[in-house]
Amino acid sequence: MTPPEAPEDGTNQPGETPPAASVCAPVSLTVLQKRADFLKAARARRQGTASMMVQARRRAPDEAEGIRVGFTCSKKVGNAVSRNRAKRRLREAARAVLPQQGRDGWDYVLIGRKAETAERPFPLLLKDLEGALRKLHR
RNA sequence: GCGGAGGGCCGGAUGGCCGCUGGGGCGUAGGCCCGAGAGGAAAGUCCGGACUCCACAAGGCAACGGUGCCGGGUAACACCCGGGCGGGGCAACCCGACGGAAAGCGCCACAGAAAACAGACCGCCCCGCAUGUGUGGGGUAAGGGUGAAACGGUGGGGUAAGAGCCCACCGCGCCGCUGGCAACAGCGGCGGCACGGCAAGCCCCACCGGGAGCAAUGCCAAAUAGGGUCCCCGCGCGGGCCGGUCGGCGUCAGCCGAUACCGCCGCUAAGCGCGUCUUGGCCGAGAGGGACCGGGUUGGCAGCUUGAGCCGUGCCGCAAUGCACGGCCUAGAGGAAUGGUCAUCGAAGGGGGCAACCCCGGAACAGGAUCCGGCUUACAGGCCCUCCGCGCAU
RNA sequence: GCUGCUGUAGCUCAGAGGUAGAGCACUCCCUUGGUAAGGGAGAGGUCGAGAGUUCAAUUCUCUCCAGCAGCA
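Presented here is a report on the structure given in the accompanying data block. These numbers come from a predicted model, not from an experiment.

On to the overall build of chain A, then. When you go through chain A residue by residue, the secondary structure sums to five helices and five strands. When the helices and strands of chain A are read in sequence order from the N terminus, they spell out α-β-α-β-β-β-α-β-α-α. Evaluated residue by residue, chain A yields a buried proportion of 36% over its 138 residues. Considering only intrachain contacts with a sequence separation of at least 6, the fraction spanning at least 24 residues in chain A is 78%. Accessible area for chain A stands at about 8600 Å²; split by element, carbon and sulfur atoms hold 53% of it.

Okay, structure coming up:
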(Lines give C-alpha, C1' and ligand atoms only; values in the text may rest on other atoms or scores of the structure.)
Protein backbone atom coordinates (compact mmCIF):
# COMPACT_ATOMS: atom_id res chain seq x y z
CA MET A 1 0.00 0.00 0.00
CA THR A 2 2.62 2.50 0.94
CA PRO A 3 5.49 1.35 -1.32
CA PRO A 4 3.66 2.21 -4.59
CA GLU A 5 2.76 5.63 -3.29
CA ALA A 6 5.93 6.38 -1.50
CA PRO A 7 8.26 6.65 -4.53
CA GLU A 8 5.80 9.11 -6.07
CA ASP A 9 6.06 11.28 -3.04
CA GLY A 10 9.81 10.93 -3.04
CA THR A 11 10.06 12.04 -6.68
CA ASN A 12 7.36 14.66 -6.56
CA GLN A 13 8.37 16.52 -3.47
CA PRO A 14 11.93 17.36 -4.48
CA GLY A 15 10.71 18.69 -7.80
CA GLU A 16 7.78 20.71 -6.56
CA THR A 17 8.50 21.98 -3.12
CA PRO A 18 11.50 24.22 -3.73
CA PRO A 19 10.00 26.09 -6.71
CA ALA A 20 6.78 26.55 -4.76
CA ALA A 21 8.70 28.19 -1.99
CA SER A 22 11.02 30.24 -4.14
CA VAL A 23 9.34 31.13 -7.43
CA CYS A 24 5.63 30.42 -7.74
CA ALA A 25 4.54 31.92 -4.42
CA PRO A 26 6.09 35.22 -3.47
CA VAL A 27 5.00 34.72 0.15
CA SER A 28 7.84 34.00 2.56
CA LEU A 29 7.54 31.47 5.38
CA THR A 30 9.08 32.71 8.63
CA VAL A 31 9.11 31.27 12.14
CA LEU A 32 7.50 32.91 15.13
CA GLN A 33 10.00 33.79 17.85
CA LYS A 34 8.23 36.20 20.18
CA ARG A 35 6.11 35.20 23.10
CA ALA A 36 3.57 37.96 22.34
CA ASP A 37 2.86 36.48 18.89
CA PHE A 38 2.11 33.10 20.43
CA LEU A 39 -0.23 34.65 22.96
CA LYS A 40 -2.12 36.53 20.24
CA ALA A 41 -2.50 33.36 18.19
CA ALA A 42 -3.73 31.45 21.20
CA ARG A 43 -6.67 33.87 21.46
CA ALA A 44 -7.64 33.34 17.82
CA ARG A 45 -9.33 30.42 16.00
CA ARG A 46 -8.22 26.89 16.70
CA GLN A 47 -8.84 23.47 15.21
CA GLY A 48 -7.85 20.13 16.72
CA THR A 49 -6.99 17.01 14.74
CA ALA A 50 -5.87 13.52 15.67
CA SER A 51 -2.20 14.47 15.60
CA MET A 52 -2.06 18.16 16.40
CA MET A 53 -3.82 21.36 17.42
CA VAL A 54 -3.71 24.26 14.95
CA GLN A 55 -4.25 27.90 15.83
CA ALA A 56 -4.61 30.54 13.10
CA ARG A 57 -4.88 34.32 13.16
CA ARG A 58 -5.15 36.95 10.43
CA ARG A 59 -2.71 39.68 11.35
CA ALA A 60 -3.26 43.40 11.22
CA PRO A 61 -1.95 44.64 7.84
CA ASP A 62 1.09 46.52 9.12
CA GLU A 63 2.41 43.86 11.53
CA ALA A 64 4.60 41.65 9.33
CA GLU A 65 4.91 40.12 5.88
CA GLY A 66 4.17 36.64 4.54
CA ILE A 67 3.07 33.50 6.32
CA ARG A 68 4.39 33.01 9.82
CA VAL A 69 4.31 29.77 11.78
CA GLY A 70 5.25 28.69 15.29
CA PHE A 71 5.61 25.35 17.03
CA THR A 72 4.87 24.45 20.64
CA CYS A 73 4.93 21.35 22.81
CA SER A 74 4.08 21.46 26.48
CA LYS A 75 5.58 19.18 29.11
CA LYS A 76 2.48 17.01 28.87
CA VAL A 77 3.86 15.62 25.60
CA GLY A 78 6.73 13.91 27.39
CA ASN A 79 10.41 14.31 27.98
CA ALA A 80 12.76 16.44 25.90
CA VAL A 81 13.31 13.76 23.27
CA SER A 82 9.63 13.26 22.48
CA ARG A 83 8.93 17.01 22.58
CA ASN A 84 11.72 17.70 20.11
CA ARG A 85 10.61 14.87 17.82
CA ALA A 86 7.05 16.18 17.75
CA LYS A 87 8.21 19.69 16.92
CA ARG A 88 10.47 18.44 14.12
CA ARG A 89 7.68 16.48 12.49
CA LEU A 90 5.35 19.47 12.77
CA ARG A 91 8.02 21.68 11.24
CA GLU A 92 8.46 19.28 8.35
CA ALA A 93 4.71 19.06 7.80
CA ALA A 94 4.41 22.86 7.81
CA ARG A 95 7.22 23.09 5.26
CA ALA A 96 5.37 20.71 2.94
CA VAL A 97 1.84 22.14 3.28
CA LEU A 98 1.83 25.82 4.22
CA PRO A 99 3.52 27.39 1.12
CA GLN A 100 0.63 26.13 -1.02
CA GLN A 101 -2.29 26.02 1.40
CA GLY A 102 -1.45 28.76 3.86
CA ARG A 103 -2.68 32.30 3.34
CA ASP A 104 -0.57 35.41 3.16
CA GLY A 105 -0.86 37.63 6.19
CA TRP A 106 -1.76 34.85 8.63
CA ASP A 107 0.00 33.44 11.66
CA TYR A 108 -0.23 29.72 12.38
CA VAL A 109 0.74 27.89 15.57
CA LEU A 110 1.03 24.10 15.56
CA ILE A 111 0.82 22.37 18.94
CA GLY A 112 2.03 18.81 19.43
CA ARG A 113 0.00 16.16 21.21
CA LYS A 114 1.13 13.40 23.49
CA ALA A 115 1.93 10.28 21.43
CA GLU A 116 0.07 10.88 18.19
CA THR A 117 2.30 13.60 16.80
CA ALA A 118 5.38 11.44 17.01
CA GLU A 119 3.79 8.16 15.89
CA ARG A 120 1.25 9.03 13.19
CA PRO A 121 2.44 8.11 9.66
CA PHE A 122 3.72 11.16 7.86
CA PRO A 123 1.16 11.24 4.97
CA LEU A 124 -1.66 11.21 7.52
CA LEU A 125 0.07 13.98 9.43
CA LEU A 126 0.02 16.08 6.25
CA LYS A 127 -3.66 15.33 5.68
CA ASP A 128 -4.48 16.38 9.23
CA LEU A 129 -2.80 19.72 8.68
CA GLU A 130 -4.53 20.28 5.32
CA GLY A 131 -7.91 19.47 6.81
CA ALA A 132 -7.36 21.78 9.73
CA LEU A 133 -6.35 24.64 7.44
CA ARG A 134 -9.47 24.13 5.31
CA LYS A 135 -11.70 24.41 8.36
CA LEU A 136 -9.85 27.41 9.75
CA HIS A 137 -10.03 29.37 6.50
CA ARG A 138 -13.78 29.02 6.26
C1' G B 1 32.63 -26.97 29.37
C1' C B 2 29.59 -24.85 33.51
C1' G B 3 29.18 -21.08 37.20
C1' G B 4 31.21 -16.55 38.98
C1' A B 5 34.53 -11.80 40.01
C1' G B 6 36.91 -7.25 38.24
C1' G B 7 38.12 -3.66 34.35
C1' G B 8 37.53 -1.32 29.53
C1' C B 9 34.78 -0.25 24.95
C1' C B 10 30.57 0.09 21.49
C1' G B 11 25.61 1.15 21.65
C1' G B 12 22.39 0.72 14.52
C1' A B 13 25.42 1.17 9.26
C1' U B 14 25.80 3.14 4.07
C1' G B 15 23.83 6.08 0.23
C1' G B 16 20.13 9.41 -2.72
C1' C B 17 16.67 13.71 -2.55
C1' C B 18 14.62 17.87 0.30
C1' G B 19 15.54 20.88 4.65
C1' C B 20 17.56 23.37 9.71
C1' U B 21 21.58 26.06 12.94
C1' G B 22 25.66 28.78 13.21
C1' G B 23 31.09 29.49 10.59
C1' G B 24 34.32 30.71 6.18
C1' G B 25 34.77 32.34 0.98
C1' C B 26 32.75 34.74 -3.57
C1' G B 27 29.08 38.29 -5.37
C1' U B 28 26.20 45.24 -5.75
C1' A B 29 22.19 41.85 -4.92
C1' G B 30 18.92 37.54 -5.53
C1' G B 31 22.10 33.70 -4.36
C1' C B 32 26.18 30.04 -5.00
C1' C B 33 30.33 27.05 -3.03
C1' C B 34 33.18 24.76 1.13
C1' G B 35 33.69 22.36 5.57
C1' A B 36 31.17 21.60 11.00
C1' G B 37 26.84 20.17 14.00
C1' A B 38 24.35 15.94 21.05
C1' G B 39 25.85 11.92 25.46
C1' G B 40 27.89 8.00 28.38
C1' A B 41 24.92 9.44 31.04
C1' A B 42 24.05 15.69 27.71
C1' A B 43 19.61 13.57 33.11
C1' G B 44 19.01 14.32 38.67
C1' U B 45 21.09 19.17 40.53
C1' C B 46 23.71 15.80 45.32
C1' C B 47 28.99 17.73 46.20
C1' G B 48 33.55 20.57 44.50
C1' G B 49 35.60 24.59 41.54
C1' A B 50 36.36 28.46 37.53
C1' C B 51 33.78 33.08 36.39
C1' U B 52 30.54 37.51 37.74
C1' C B 53 28.02 40.71 41.24
C1' C B 54 27.17 42.10 46.49
C1' A B 55 29.20 42.52 51.52
C1' C B 56 33.58 42.74 54.52
C1' A B 57 38.65 43.88 54.50
C1' A B 58 45.69 41.44 57.45
C1' G B 59 43.00 38.50 60.41
C1' G B 60 40.60 36.39 64.76
C1' C B 61 36.24 34.89 67.80
C1' A B 62 31.08 33.52 68.22
C1' A B 63 26.89 31.38 65.64
C1' C B 64 25.34 28.09 61.76
C1' G B 65 26.50 24.29 58.23
C1' G B 66 29.70 20.43 56.50
C1' U B 67 33.62 16.66 56.64
C1' G B 68 35.42 12.51 59.99
C1' C B 69 40.54 5.29 60.31
C1' C B 70 45.79 6.54 58.10
C1' G B 71 48.94 8.20 54.05
C1' G B 72 49.06 10.12 49.15
C1' G B 73 46.76 12.67 44.59
C1' U B 74 44.23 17.21 43.06
C1' A B 75 42.48 23.86 41.46
C1' A B 76 39.09 21.65 44.95
C1' C B 77 35.88 17.85 46.84
C1' A B 78 31.65 14.15 50.31
C1' C B 79 35.94 12.19 44.55
C1' C B 80 40.24 8.91 43.19
C1' C B 81 44.61 5.66 44.55
C1' G B 82 47.32 2.77 48.18
C1' G B 83 47.31 0.84 53.15
C1' G B 84 44.93 -0.54 58.06
C1' C B 85 40.75 -2.43 60.82
C1' G B 86 35.77 -4.79 60.83
C1' G B 87 32.08 -7.79 58.07
C1' G B 88 30.53 -11.26 53.79
C1' G B 89 32.20 -15.10 50.25
C1' C B 90 35.38 -21.99 49.24
C1' A B 91 37.87 -18.21 46.13
C1' A B 92 38.66 -14.24 42.55
C1' C B 93 36.70 -10.29 45.06
C1' C B 94 32.96 -7.22 47.40
C1' C B 95 30.84 -3.97 51.35
C1' G B 96 31.69 -0.30 55.47
C1' A B 97 29.00 7.99 57.74
C1' C B 98 35.14 3.64 60.27
C1' G B 99 37.10 10.04 65.57
C1' G B 100 35.35 10.40 70.93
C1' A B 101 30.40 6.95 75.35
C1' A B 102 36.59 6.38 81.97
C1' A B 103 34.06 16.04 79.55
C1' G B 104 29.08 16.40 80.58
C1' C B 105 23.56 16.15 79.71
C1' G B 106 19.66 13.08 77.74
C1' C B 107 16.98 8.46 76.13
C1' C B 108 16.59 2.98 76.61
C1' A B 109 8.88 1.63 75.39
C1' C B 110 6.71 -3.45 76.67
C1' A B 111 8.43 -7.42 79.58
C1' G B 112 11.41 -8.13 83.82
C1' A B 113 13.23 -8.38 90.80
C1' A B 114 16.53 -5.02 88.61
C1' A B 115 17.97 -0.99 82.43
C1' A B 116 23.15 1.68 84.48
C1' C B 117 24.41 1.68 89.87
C1' A B 118 23.98 -0.62 92.50
C1' G B 119 20.66 -3.73 94.22
C1' A B 120 18.13 -9.30 94.66
C1' C B 121 11.91 -11.94 92.51
C1' C B 122 12.20 -17.31 92.25
C1' G B 123 16.37 -19.81 94.07
C1' C B 124 20.98 -22.05 96.72
C1' C B 125 23.56 -22.45 101.63
C1' C B 126 24.24 -21.73 107.12
C1' C B 127 22.15 -20.60 111.99
C1' G B 128 17.82 -19.92 115.43
C1' C B 129 12.56 -20.94 116.44
C1' A B 130 8.35 -23.69 115.28
C1' U B 131 8.06 -28.51 113.27
C1' G B 132 6.73 -31.72 107.83
C1' U B 133 6.41 -27.18 106.05
C1' G B 134 6.72 -22.26 107.49
C1' U B 135 9.12 -18.06 109.81
C1' G B 136 13.32 -14.67 111.51
C1' G B 137 18.59 -13.40 110.85
C1' G B 138 22.85 -13.85 107.78
C1' G B 139 25.82 -15.39 103.39
C1' U B 140 25.72 -15.83 97.92
C1' A B 141 24.87 -14.40 92.63
C1' A B 142 26.36 -20.52 89.99
C1' G B 143 21.06 -21.68 88.14
C1' G B 144 15.64 -19.95 86.50
C1' G B 145 12.60 -16.52 83.99
C1' U B 146 12.15 -11.38 80.96
C1' G B 147 14.27 -8.65 77.25
C1' A B 148 17.41 -5.90 71.68
C1' A B 149 20.64 -5.53 75.80
C1' A B 150 21.46 -8.34 82.65
C1' C B 151 27.60 -6.72 85.52
C1' G B 152 33.47 -10.89 81.40
C1' G B 153 33.50 -16.45 78.66
C1' U B 154 35.17 -21.84 78.88
C1' G B 155 37.50 -25.53 81.90
C1' G B 156 39.62 -26.82 86.61
C1' G B 157 40.50 -25.94 91.78
C1' G B 158 37.98 -24.20 95.94
C1' U B 159 33.56 -23.71 99.29
C1' A B 160 28.33 -24.61 103.92
C1' A B 161 26.61 -22.69 99.18
C1' G B 162 29.07 -19.70 96.03
C1' A B 163 32.00 -15.89 93.87
C1' G B 164 38.55 -13.60 89.56
C1' C B 165 38.37 -16.12 95.64
C1' C B 166 42.71 -18.86 93.00
C1' C B 167 44.86 -21.05 88.26
C1' A B 168 45.18 -21.90 82.61
C1' C B 169 43.47 -20.14 77.90
C1' C B 170 40.42 -16.40 75.42
C1' G B 171 38.35 -11.40 75.76
C1' C B 172 39.18 -6.40 77.99
C1' G B 173 42.30 -2.44 79.97
C1' C B 174 47.19 -0.27 81.19
C1' C B 175 52.59 -0.13 80.54
C1' G B 176 56.99 -1.27 77.81
C1' C B 177 59.77 -3.00 73.46
C1' U B 178 59.95 -4.01 68.11
C1' G B 179 58.18 -2.96 62.90
C1' G B 180 55.69 1.01 60.24
C1' C B 181 55.71 8.31 58.07
C1' A B 182 50.91 6.85 60.19
C1' A B 183 46.32 4.15 60.93
C1' C B 184 47.80 -0.26 63.14
C1' A B 185 50.18 -4.97 64.03
C1' G B 186 53.42 -8.45 66.78
C1' C B 187 55.79 -9.76 71.38
C1' G B 188 56.46 -9.34 76.72
C1' G B 189 54.78 -7.84 81.50
C1' C B 190 51.05 -6.17 84.82
C1' G B 191 45.89 -5.54 86.41
C1' G B 192 41.81 -8.83 88.27
C1' C B 193 36.89 -6.83 85.44
C1' A B 194 36.38 -1.51 86.51
C1' C B 195 34.41 0.54 81.14
C1' G B 196 26.12 -1.76 78.62
C1' G B 197 23.94 0.59 74.01
C1' C B 198 22.65 5.15 71.20
C1' A B 199 26.80 10.72 69.01
C1' A B 200 22.37 9.43 61.08
C1' G B 201 20.03 12.64 70.21
C1' C B 202 22.40 17.25 72.30
C1' C B 203 27.47 17.44 72.48
C1' C B 204 33.32 17.21 72.66
C1' C B 205 37.77 17.11 69.46
C1' A B 206 40.29 18.10 64.63
C1' C B 207 39.78 20.34 59.89
C1' C B 208 36.92 23.24 56.12
C1' G B 209 33.29 27.04 54.68
C1' G B 210 31.23 35.14 53.65
C1' G B 211 26.44 35.40 50.42
C1' A B 212 24.12 34.86 45.73
C1' G B 213 24.02 32.92 41.09
C1' C B 214 25.04 33.20 33.48
C1' A B 215 17.33 34.20 34.37
C1' A B 216 24.85 36.27 37.51
C1' U B 217 26.76 40.60 35.28
C1' G B 218 28.17 44.57 31.64
C1' C B 219 26.75 47.56 27.32
C1' C B 220 23.40 49.76 23.35
C1' A B 221 18.72 51.46 21.27
C1' A B 222 13.47 52.67 21.22
C1' A B 223 8.76 54.31 22.98
C1' U B 224 5.54 55.38 27.26
C1' A B 225 3.71 57.44 32.09
C1' G B 226 5.69 59.10 36.46
C1' G B 227 10.31 60.56 40.00
C1' G B 228 14.95 63.58 41.13
C1' U B 229 18.58 67.72 39.86
C1' C B 230 19.75 72.15 37.01
C1' C B 231 18.42 76.20 33.53
C1' C B 232 14.63 79.44 30.98
C1' C B 233 9.84 81.65 31.23
C1' G B 234 6.92 83.21 35.20
C1' C B 235 3.01 84.74 39.08
C1' G B 236 -2.80 82.10 35.90
C1' C B 237 -3.95 76.80 39.44
C1' G B 238 -2.34 74.89 44.23
C1' G B 239 0.59 74.98 49.54
C1' G B 240 2.16 77.47 54.54
C1' C B 241 1.66 81.90 57.84
C1' C B 242 -0.87 86.60 58.92
C1' G B 243 -5.25 89.43 57.93
C1' G B 244 -10.35 89.92 55.98
C1' U B 245 -15.02 87.83 55.09
C1' C B 246 -18.26 84.06 56.19
C1' G B 247 -19.97 80.13 59.21
C1' G B 248 -20.55 77.08 63.79
C1' C B 249 -20.43 76.86 69.22
C1' G B 250 -20.71 79.91 73.51
C1' U B 251 -21.18 80.66 80.38
C1' C B 252 -20.77 86.76 75.47
C1' A B 253 -14.61 86.56 77.65
C1' G B 254 -13.80 84.22 73.61
C1' C B 255 -12.98 79.47 71.08
C1' C B 256 -13.00 76.61 66.51
C1' G B 257 -12.76 76.44 61.18
C1' A B 258 -13.02 75.37 55.53
C1' U B 259 -10.50 68.30 56.99
C1' A B 260 -15.47 72.56 61.39
C1' C B 261 -21.10 73.24 60.72
C1' C B 262 -25.55 73.03 57.59
C1' G B 263 -27.02 71.56 53.02
C1' C B 264 -26.10 69.72 48.18
C1' C B 265 -23.54 66.88 44.52
C1' G B 266 -20.49 62.69 42.67
C1' C B 267 -18.03 57.81 43.31
C1' U B 268 -19.61 53.28 46.74
C1' A B 269 -23.32 47.46 48.50
C1' A B 270 -22.39 50.45 52.82
C1' G B 271 -19.11 53.12 55.69
C1' C B 272 -14.77 55.94 55.17
C1' G B 273 -13.31 59.60 51.98
C1' C B 274 -13.25 63.77 48.16
C1' G B 275 -15.26 68.39 46.20
C1' U B 276 -18.36 72.72 46.84
C1' C B 277 -15.49 81.13 49.98
C1' U B 278 -12.73 85.39 48.84
C1' U B 279 -9.34 89.22 48.40
C1' G B 280 -4.72 91.55 50.31
C1' G B 281 0.46 90.96 52.28
C1' C B 282 4.75 87.80 53.17
C1' C B 283 7.23 83.05 52.46
C1' G B 284 7.89 79.46 49.02
C1' A B 285 8.23 77.75 44.48
C1' G B 286 4.61 74.10 41.37
C1' A B 287 2.61 73.64 35.99
C1' G B 288 4.93 74.59 30.79
C1' G B 289 9.71 74.26 27.68
C1' G B 290 14.88 72.27 27.58
C1' A B 291 19.10 69.27 29.43
C1' C B 292 20.92 65.43 32.55
C1' C B 293 20.39 61.35 36.22
C1' G B 294 18.34 56.91 38.23
C1' G B 295 14.40 52.91 37.95
C1' G B 296 10.88 49.68 35.17
C1' U B 297 9.23 47.52 30.00
C1' U B 298 10.54 45.67 25.10
C1' G B 299 14.33 44.38 21.72
C1' G B 300 19.50 43.74 20.59
C1' C B 301 24.95 42.90 21.70
C1' A B 302 28.52 40.88 24.98
C1' G B 303 29.28 36.98 28.79
C1' C B 304 29.73 32.10 24.95
C1' U B 305 33.32 28.63 24.28
C1' U B 306 41.11 27.42 23.58
C1' G B 307 39.80 24.55 28.00
C1' A B 308 42.36 22.33 35.40
C1' G B 309 40.96 20.60 26.74
C1' C B 310 41.68 15.93 23.59
C1' C B 311 45.09 12.17 21.28
C1' G B 312 49.91 9.70 21.04
C1' U B 313 54.90 8.53 22.93
C1' G B 314 58.49 8.49 26.85
C1' C B 315 59.96 9.05 32.10
C1' C B 316 59.25 9.03 37.98
C1' G B 317 55.70 6.28 40.98
C1' C B 318 52.70 -0.21 43.38
C1' A B 319 48.74 3.27 41.84
C1' A B 320 45.67 7.71 41.53
C1' U B 321 48.45 11.35 39.45
C1' G B 322 52.54 14.30 37.82
C1' C B 323 56.40 15.91 34.23
C1' A B 324 58.47 16.32 29.17
C1' C B 325 57.90 16.19 23.88
C1' G B 326 54.88 15.97 19.44
C1' G B 327 50.16 16.50 17.12
C1' C B 328 44.84 18.34 16.92
C1' C B 329 40.71 22.31 17.21
C1' U B 330 36.07 19.15 18.43
C1' A B 331 28.20 22.39 18.71
C1' G B 332 27.49 27.34 20.37
C1' A B 333 21.42 27.85 19.96
C1' G B 334 18.44 31.62 22.40
C1' G B 335 9.92 29.89 21.69
C1' A B 336 16.11 27.27 21.29
C1' A B 337 19.30 23.82 14.99
C1' U B 338 21.34 18.39 14.57
C1' G B 339 15.46 16.60 10.93
C1' G B 340 11.87 14.38 7.02
C1' U B 341 11.50 10.72 3.41
C1' C B 342 13.18 6.66 0.29
C1' A B 343 16.45 2.48 -0.89
C1' U B 344 19.97 -1.43 0.62
C1' C B 345 21.82 -4.05 4.91
C1' G B 346 20.73 -5.19 9.67
C1' A B 347 21.32 -7.09 16.43
C1' A B 348 17.59 -8.60 20.20
C1' G B 349 12.83 -10.85 20.27
C1' G B 350 8.50 -13.93 18.20
C1' G B 351 6.58 -18.02 14.80
C1' G B 352 7.49 -22.41 11.56
C1' G B 353 10.93 -26.46 10.31
C1' C B 354 14.75 -32.72 12.17
C1' A B 355 18.19 -29.38 9.79
C1' A B 356 20.12 -25.96 6.24
C1' C B 357 16.84 -22.19 6.29
C1' C B 358 12.10 -19.25 5.79
C1' C B 359 8.44 -15.52 7.68
C1' C B 360 7.26 -11.41 11.10
C1' G B 361 9.95 -7.58 13.40
C1' G B 362 12.75 -3.44 13.54
C1' A B 363 16.94 -0.93 17.66
C1' A B 364 18.01 0.53 24.95
C1' C B 365 18.19 4.83 28.17
C1' A B 366 17.77 9.28 26.38
C1' G B 367 19.12 15.04 23.71
C1' G B 368 23.51 20.36 24.87
C1' A B 369 21.68 25.74 27.14
C1' U B 370 28.19 29.43 30.95
C1' C B 371 32.11 25.85 31.43
C1' C B 372 34.95 22.06 33.99
C1' G B 373 36.08 17.73 38.10
C1' G B 374 33.17 14.00 40.57
C1' C B 375 28.88 11.31 42.64
C1' U B 376 24.02 9.23 41.89
C1' U B 377 20.18 7.40 38.84
C1' A B 378 18.28 5.16 33.73
C1' C B 379 19.98 1.78 29.87
C1' A B 380 17.76 -3.52 24.59
C1' G B 381 21.91 -5.82 23.26
C1' G B 382 26.99 -6.78 21.90
C1' C B 383 32.58 -7.02 22.00
C1' C B 384 37.53 -7.34 24.39
C1' C B 385 41.09 -8.27 28.51
C1' U B 386 42.44 -10.31 33.35
C1' C B 387 41.25 -13.50 37.38
C1' C B 388 38.56 -17.43 40.68
C1' G B 389 35.84 -22.16 41.79
C1' C B 390 34.12 -26.92 39.97
C1' G B 391 34.23 -30.88 36.23
C1' C B 392 36.83 -33.44 32.12
C1' A B 393 41.41 -34.49 29.29
C1' U B 394 46.84 -34.36 29.30
C1' G C 1 18.59 26.91 33.26
C1' C C 2 18.88 28.11 38.64
C1' U C 3 16.70 28.18 43.70
C1' G C 4 13.23 26.72 47.36
C1' C C 5 8.87 24.04 49.55
C1' U C 6 5.39 19.94 50.18
C1' G C 7 3.92 14.48 49.93
C1' U C 8 -0.05 11.11 56.52
C1' A C 9 -7.88 8.31 55.87
C1' G C 10 -12.23 10.08 50.12
C1' C C 11 -10.99 15.89 51.34
C1' U C 12 -8.40 19.66 54.73
C1' C C 13 -4.56 19.15 58.08
C1' A C 14 -2.13 17.75 63.29
C1' G C 15 1.68 14.59 65.21
C1' A C 16 6.30 12.93 67.30
C1' G C 17 12.06 7.68 67.98
C1' G C 18 7.81 2.72 70.96
C1' U C 19 -0.33 3.94 70.59
C1' A C 20 -1.20 6.60 63.86
C1' G C 21 -4.80 10.99 65.23
C1' A C 22 -8.63 15.53 64.66
C1' G C 23 -12.56 17.96 61.69
C1' C C 24 -15.68 17.22 57.40
C1' A C 25 -17.37 13.14 54.41
C1' C C 26 -19.09 7.47 54.49
C1' U C 27 -21.95 3.02 56.82
C1' C C 28 -25.28 1.23 60.71
C1' C C 29 -28.42 2.23 65.01
C1' C C 30 -31.38 5.72 68.23
C1' U C 31 -34.49 10.09 67.93
C1' U C 32 -38.85 11.89 63.93
C1' G C 33 -44.87 10.64 60.63
C1' G C 34 -40.36 11.69 57.24
C1' U C 35 -35.82 14.80 56.52
C1' A C 36 -32.16 18.00 58.67
C1' A C 37 -29.86 18.84 63.27
C1' G C 38 -28.47 15.95 67.69
C1' G C 39 -26.72 11.34 70.27
C1' G C 40 -24.28 6.39 69.96
C1' A C 41 -21.38 2.73 67.37
C1' G C 42 -18.26 1.39 63.21
C1' A C 43 -15.25 1.01 58.80
C1' G C 44 -11.45 3.20 56.13
C1' G C 45 -3.82 3.96 56.09
C1' U C 46 2.36 -0.07 51.90
C1' C C 47 2.36 7.57 56.52
C1' G C 48 5.17 8.98 48.04
C1' A C 49 9.24 4.68 46.86
C1' G C 50 13.86 2.21 48.18
C1' A C 51 18.23 1.62 51.18
C1' G C 52 20.74 2.64 55.96
C1' U C 53 21.35 4.05 61.60
C1' U C 54 18.73 2.02 65.92
C1' C C 55 16.43 -3.27 69.99
C1' A C 56 12.59 -0.33 67.45
C1' A C 57 11.68 4.71 61.95
C1' U C 58 5.71 7.83 59.75
C1' U C 59 9.61 10.55 62.72
C1' C C 60 16.80 10.50 62.05
C1' U C 61 20.31 10.08 57.45
C1' C C 62 20.99 9.14 52.17
C1' U C 63 19.16 8.18 47.16
C1' C C 64 15.13 8.28 43.87
C1' C C 65 9.75 9.68 42.25
C1' A C 66 5.79 13.03 41.93
C1' G C 67 3.51 17.90 42.71
C1' C C 68 3.69 23.28 43.72
C1' A C 69 6.01 28.01 43.98
C1' G C 70 9.90 31.90 42.99
C1' C C 71 14.02 34.18 39.84
C1' A C 72 14.61 37.89 33.39
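So, next bit.
With that out of the way, let us pick up the pairing of strand 2 (residues 45–48). By the bridge criterion, four bridges tie strand 2 to strand 3 (residues 52–58) in an arrangement that is antiparallel. The residue bridging Q47 from the neighbouring strand is V54, located in strand 3. Connecting strand 2 to the antiparallel partner strand 3 that follows it, the hairpin turn spans three residues.

This paragraph deals with the pattern of salt bridges. Applying the stated criterion to the full structure yields six salt bridges. When the shortest N-O distance is used, the salt bridge between D37 and R68 registers 3.6 Å. A residue pair is termed long-range when its members are at least 10 positions apart, and D37 in helix 2 (residues 35–42) and R68 in strand 4 (residues 67–72) qualify at 31 residues. Residue D37 shares its accessibility class with R68, and that shared class is buried. With its nearest N and O atoms 2.5 Å apart, the salt bridge here joins R95 to E92. Residue R95 and its partner E92 are located together in helix 3 (residues 80–101), separated by three residues, close to a single helical turn. Its relative accessible area of 47% is what places R95 among the partly exposed residues. Residue E92 is classed as partly exposed on the basis of its relative accessible area, which comes to 35%. Residues joined in a network through salt bridges with shared partners are D37, R57, R59, R68 and D107.

Calculation rules
Residues numbered from 1 in each chain as written. Chains lettered and ligands numbered in written order. Predicted model: local features only at pLDDT ≥ 70, side-chain atom pairs only at ≥ 80, totals over all residues. Heavy atoms only, no water. Helix = DSSP H or I, 4+ residues; strand = E, 2+ residues; numbered from the N terminus. Buried < 20%, exposed > 50% of the residue type's maximum accessible area, 1.4 Å probe, protein only. Contact = heavy atoms within 4.5 Å. Areas by Shrake-Rupley, 256 points an atom, 1.4 Å probe, with all protein chains shown as cover. Pairing = 2+ DSSP bridges. Salt bridge = Lys/Arg side-chain N within 4 Å of Asp/Glu carboxyl O.

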